[in-house]
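# Notes for the structure review
Here are the chains, one letter per residue:
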Amino acid sequence: MDFQTGWRSGHGNMNHAPRHLFLFVTLAFVSFSFAGFVHGEEVSDAKPLAVVIGKQIFLDSTLSQPVGQGCFSCHRAETAFADSRPISPGAVKGRVGRRNSPSLMYAALIPGFAYEDVQTDDGTEVYAWEGGLFHDGRAGDLFEQVQQPFFDPNEMNLPDEETLASRLRDSEYAAEFRQWVGDEIWRDDQRLNYHAFRALVEFLKEPIFRPFDARIDDYLNGKAALTQAELRGLEIFRGAGKCADCHLLQPSSWAGPLLSDYGYDNLGVPSRGKKDAGLGGQTGEAAELGQFRAPSLRNIVLTAPYMHNGSIKTLKEVLEFYNRRDVEPERWGHTDYPVTVNREDMGDLKLTEQQVSDLLALMNAFTDRTLLNRKDTDDFPATTNETPSTDELRLYFPDWTHRKHPAYPGKCDPPSSLSRNAAES
Ligand code: HEC
Ligand code: HEC
């Protein structure tokens with residue numbers, strides 16, 4: 001689609017220069033976050049209008065064609081904003097995609113798609129793809145990602161940008177939206193949509209999506225928060241299971257662990273029919289066929305079924321798959337790209353049943369308290385006061401939504417102090 005290539009242009013050359021800046025702020029952030037957050041001036045509770053509008057777009061089911069589907073249809077709070085269906089049906093009856101809907105918790109913290117140099121165990125330097133949104137990284141960052149569900153024929157199925165803009169103008173939050181962007185932008189399809197995408201990104205950056213308040217966070221902050229079984233599980237996670245090699249336990253860019261390095265691998269998961277080329281489909285590299293991005297394991301007990309295609313039903317089975325994939329191949333059936341399957345790090349871990357059940361126990365410690373405490377009647381979990389606001393962390397978000405775009409040249413957004421209250425008064 002034309003508009004997508006338009007938005008994407010210039011992405012490639014954004015990767016280099018800012019990378020150093022990102023590393024630098026990353027380090028600064030890690031050190032100050034452990035000293036406890038230094039709250040400067042008290043920030044008011046009023047949300048920037050972008051967030052208010054982003055939330056309403058997220059919950060809006062009148063934007064799809066036919067109407068009836070919104071982001072929240074496939075990203076629900078009770079499953080940590082994933083979907084309990086292996087593959088979510090689209091707005092058009094009978095149409096389905098081919099992948100499992102991932103959790104949106106921490107999605108705004110996924111680094112941009114980039115070719116990175118990584119050190120292997122023996123010290124050699126190799127280059128590999130990392131980050132990016134979607135299971136195959138095809139969206140360079142969150143700003144690119146949020147545009148796509150609207151126009152995906154297997155999702156919200158809008159025919160073009162004009163239709164999206166006109167539906168936004170008819171929405172229940174039209175008055176607020178117009179107040180945020182002003183009359184000139186309100187009348188311009190492309191610039192109006194641009195702001196809708198910006199608003200969604202701002203919403204997904206909200207503290208409710210990144211509380212870092214699971215028991216594993218408490219434990220890593222020095223508290224006695226894990227049971228004996230969980231502690232044994234942690235030892236396997238770091239050791240014999242090799243899990244922590246890819247699902248990183250140490251905080252890197254953020255205050256808490258994201259439980260992923262966002263690298264790509266082919267685990268050889270059971271096929272669901274039509275082949276899915278994953279990363280290789282994006283890069284055209286044969287060695288990358290069937291590779292998918294390692295997801296965060298935060299809130300993993302809430303997000304069944306598992307893997308990019310939803311092919312494994314329970315967490316226990318996932319662990320059995322890691323442990324015995326190559327010992328009992330008939331149990332798992334064929335996989336899309338057998339040649340590129342990672343047979344070094346998994347598949348025959350030789351863990352005992354007790355060890356597998358300890359690992360399973362550990363996964364419970366990855367669930368954020370705010371999600372556990374959410375009331376069934378609430379669309380979203382409550383915000384914790386300890387989680388810093390987006391404004392406080394603006395520099396640390398790995399997206400480039402402020403980049404210039406032909407539809408919106410020059411100026412940046414209205415000042416973030418334009419809060420709901422300020423607009424109402
Ligand atoms: C029909 C179900 C459906 C709808 C509606 C939907 N999504 Fe998704 N979402 C998915 C699936 C499936 C994927 C994974 C697709 C892939 O990897 O190819 C996904 C991926 C994502 C991701 C990437 C997460 C990651 O870890 O890479 C984000 C962010 C996201 N969706 C946000 C949204 C937003 C915002 C909306 C509304 C504008 C939305 N989704 C609407 C099913 C849906
Ligand atoms: C070499 C890197 C690597 C290692 C080691 C690894 N994983 Fe993974 N993990 C991945 C990748 C990549 C995926 C996504 C695969 C896919 O969707 O096809 C994944 C997916 C998962 C999932 C499913 C997540 C979801 O949301 O569907 C779970 C659970 C999981 N891993 C747990 C573990 C555990 C437990 C261990 C240790 C026994 C482990 N992983 C070791 C890379 C790794």
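Bear in mind the structure is a predicted one, so any value in this text is a computation, not a measurement. (Residues numbered from 1 in each chain as written. Chains lettered and ligands numbered in written order. Predicted model: local features only at pLDDT ≥ 70, side-chain atom pairs only at ≥ 80, totals over all residues.)

## Structural notes on the overall build of the protein chain
Looking only at helices and strands, the protein chain features 19 helices and 4 strands. The buried share of the protein chain, taken over its 425 residues, is 40%. (Helix = DSSP H or I, 4+ residues; strand = E, 2+ residues; numbered from the N terminus. Buried ≥ 20, exposed ≤ 12 C-beta atoms within 10 Å, placed from the backbone.)

## So, the nonpolar core
In a soluble, globular protein the nonpolar side chains are often hidden away together inside. Ranked by size, the top nonpolar core spans 75 residues in total, and within it Ile53, Ala107, Leu142, Leu200, Leu204, Phe209 and Phe366 carry the most contacts. Residue assignment for this core shows that the elements contributing at least two residues are α3 (49–59), α5 (142–151), α6 (161–169), α7 (174–181), α9 (189–204), α11 (228–238), α14 (315–324) and α16 (353–363). Looking at which element gives the most residues to this core, the answer is α9, with 9 residues. Of all hydrophobic cores here, the second largest spans 5 residues; its members include Trp129, Tyr264, Leu279 and Phe292. (Core = buried A, V, L, I, M, F, W, Y, C linked by C-beta atoms within 7 Å.)

## So, the site of ligand 2
Near ligand 2 there are 26 residues, and of these Gly241, Cys243, Cys246, Tyr306 and His308 occur at the shortest range. Every element with two or more residues in the shell around ligand 2 is listed here: α12 (243–246) and α14. The biggest single contributor to the shell around ligand 2 is α14, with 4 residues. Grouping the constituent residues of the shell around ligand 2 by class yields 17 nonpolar, 5 polar and 4 charged. (Near = placed C-beta within 6 Å. Nonpolar A, V, L, I, M, F, W, Y, C, P; charged D, E, K, R; others polar.)

## Digging into the site of ligand 1
Taken together, 24 residues sit near ligand 1, with Cys71, Cys74, Phe134, His135 and Pro149 positioned nearest. The element that contributes the greatest number of residues to the shell around ligand 1 is α5, accounting for 5 residues. Broken down by class, the residue content of the shell around ligand 1 amounts to 13 nonpolar, 9 polar and 2 charged.

## Some details on the packing of α6 against α9
Here α6 crosses α9 at 70°, and the two axes come no closer than 9 Å. The angle between α6 and α9 places the two elements in the roughly perpendicular class. Considering how the two elements wind past one another, α6 and α9 form a crossing that is left-handed. Residues Glu161, Glu162, Leu164, Ala165 and Leu168 of α6 touch α9, and the partners they reach there are Asp189, Gln190, Leu192, Asn193 and Ala196. Its residues assigned to classes, the contact of α6 with α9 comprises 5 nonpolar, 2 polar and 3 charged. (Axes fitted to C-alpha atoms, helices over the stretch in contact; angles between N-to-C directions. Parallel < 35°, antiparallel > 145°, perpendicular 65-115°, else oblique. Left-handed = near helix turned anticlockwise from the far one by under 90°. Contact = placed C-beta atoms within 7 Å.)

## A few points about the confidence of the model for the protein chain
For the protein chain, mean pLDDT is 85; residues scoring 70 or higher make up 83% of the total. Note that residues 1–43 has pLDDT below 50 and, in this model, 26 contacts with residues that lie over four places away or in other chains. Note on residues 407–425: pLDDT is under 50 here. Beyond four places in sequence and across chains, it has 27 contacts. (pLDDT = per-residue confidence, 0-100.)

## A few points about unusual backbone geometry
With the exception of glycine, the majority of residues adopt a negative phi angle, and the majority of peptide bonds are in the trans configuration. Residue Pro66 is reached from Gln65 by a cis peptide bond, and omega for that bond is -5°. Position of Pro66 relative to the elements: it lies in the loop between α3 and α4 (71–74). Cis geometry marks the peptide bond from Ala304 to Pro305, where omega comes out at -5°. Tracing the backbone shows Pro305 in the loop between β4 (292–293) and α14. Despite not being glycine, Tyr106 has its phi angle at roughly 70°, a positive value.

## Some details on the environment of Val51
You can see Val51 is positioned in helix α3. Through-space distance from the C-alpha of Val51 to that of Val201 is 8.4 Å; in sequence the pair is 150 residues apart. Sequence-distant contacts of Val51, that is, excluding residues within four places in its chain, are made with Glu202, Phe203 and Glu206.

## Comments concerning α11
If you check which residues of α11 are buried, you get Glu230, Gly233, Leu234, Ile236 and Phe237. The buried side chains of α11 occupy one side of the element, clustering within an arc of 165° when seen end-on. Contacts from the buried residues of α11 go to α12 and α16. (Arc of directions from axis to C-beta.)

## What to know about the environment of Tyr127
By the secondary structure assignment, Tyr127 is in strand β2 (residues 125–130). The class of Tyr127 is exposed, set by 9 C-beta atoms lying within 10 Å. Residues Tyr127 and Asp117, 10 residues apart in the sequence, show an inter-C-alpha distance of 4.3 Å. Contact partners of Tyr127, with chain neighbours within four places excluded, come to Tyr115, Glu116 and Asp117.

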